[in-house]
Amino acid sequence: MKIIYNNIIPTRKFIAINILGIIFCRKQYNSISDTTINHEKIHTAQMKEMLYVFFYLFYISEWFIKLFFYGKESYSNISFEREAYQYDFAEDYLSKRKRFAWVKFLTLKNKNPHSHC
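Remember, it's a predicted structure, so these values are computed and weren't measured experimentally. (Residues numbered from 1 in each chain as written. Predicted model: local features only at pLDDT ≥ 70, side-chain atom pairs only at ≥ 80, totals over all residues. Heavy atoms only, no water.)

> Honestly, the sheet that holds strand S3 (residues 22-26) in this entry has me stumped. Any pointers?
Across a sheet, paired strands are connected by hydrogen bonds in the backbone, their directions being either parallel or antiparallel. Strand order in the open sheet formed by three strands is S1-S3-S2, with mixed pairing between adjacent strands. Edge positions in the sheet fall to strand S1 (3-6) and strand S2 (16-19), since each has one partner strand and no second. Ignoring strand direction, the axes of neighbouring strands in this sheet form an average angle of 25°. Pairing between S1 and S3: four bridges, direction parallel. Bridged to isoleucine 4 within S3 is phenylalanine 24. Sitting on the sheet, helix H1 (residues 34-49) touches S1, S2 and S3, and the angle it makes with S2 is about 25°. (Pairing = 2+ DSSP bridges. Helix = DSSP H or I, 4+ residues; strand = E, 2+ residues; numbered from the N terminus. Axes fitted to C-alpha atoms, helices over the stretch in contact; angles between N-to-C directions. Contact = heavy atoms within 4.5 Å.)

Right under this line is the structure:
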């Protein structure tokens, strides 16, 4: 997975962002953790199975809908993020992951989105 360090993408609020399978990381972080890399690899798997463009369309649509239900917590309740946060510590997750695994996170309410249960 290619990682590009720079001062522009992502915004200062985030450490890294995955765009088309390439991780863009704030230069100030010098290197990112294996957990963050694994998190972004999960997003890449999601993107591939949704042919990239549908991933982004669905991601933005889901964020917008969940904005009405969760307010400022809408980002952490997006199904793609919930799957990635739940399994970003599991190094072998991608080898076991079933296609469209993020679907099971669509309707479940996530009170603690960053828990790794």
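> In this structure, what is going on with the packing of aromatic side chains? I would like to understand it.
Aromatic ring pairs are described here by two measures, namely the spacing of the ring centres and the angle between the planes. Considering all chains together, one arrives at 11 aromatic pairs under this definition. Ring centres of phenylalanine 14 and tyrosine 75 lie 5.8 Å apart, and the angle between their planes is 65°; this geometry places the pair in the edge-to-face category. Placement of phenylalanine 14 in the loop between S1 and S2 and of tyrosine 75 in the loop between helix H2 (53-70) and helix H3 (79-87) is noted, with a sequence separation of 61 residues between them. Take phenylalanine 14: its relative accessible area is 31%, and that puts it in the partly exposed class. By relative accessible area, which is 25% here, tyrosine 75 ends up partly exposed. On the basis of an interplanar angle of 85° and a centroid distance of 5.1 Å, the ring pair of phenylalanine 55 and tyrosine 56 is categorised as edge-to-face. Since its relative accessible area comes to 3%, phenylalanine 55 is described here as buried. Put simply, the rings of Phe55, Tyr56, Phe58, Tyr59, Phe80, Phe100 and Trp102 touch in pairs and so form one group of aromatic residues. (Phe/Tyr/Trp six-rings, centres within 6.5 Å; stacked < 30°, edge-to-face > 60°. Buried < 20%, exposed > 50% of the residue type's maximum accessible area, 1.4 Å probe, protein only.)

> Help me understand the environment of isoleucine 15, please; the structure alone is not making it clear to me.
Its location among the elements puts isoleucine 15 in the loop between S1 and S2. Remark: the alpha-carbon pair of isoleucine 15 and tyrosine 85, spanning 70 residues in sequence, is separated by 14 Å. Isoleucine 15 has contacts with Pro10, Phe24, Cys25, Arg26, Tyr29 and Ile32, leaving out every residue within four places of it along the chain.

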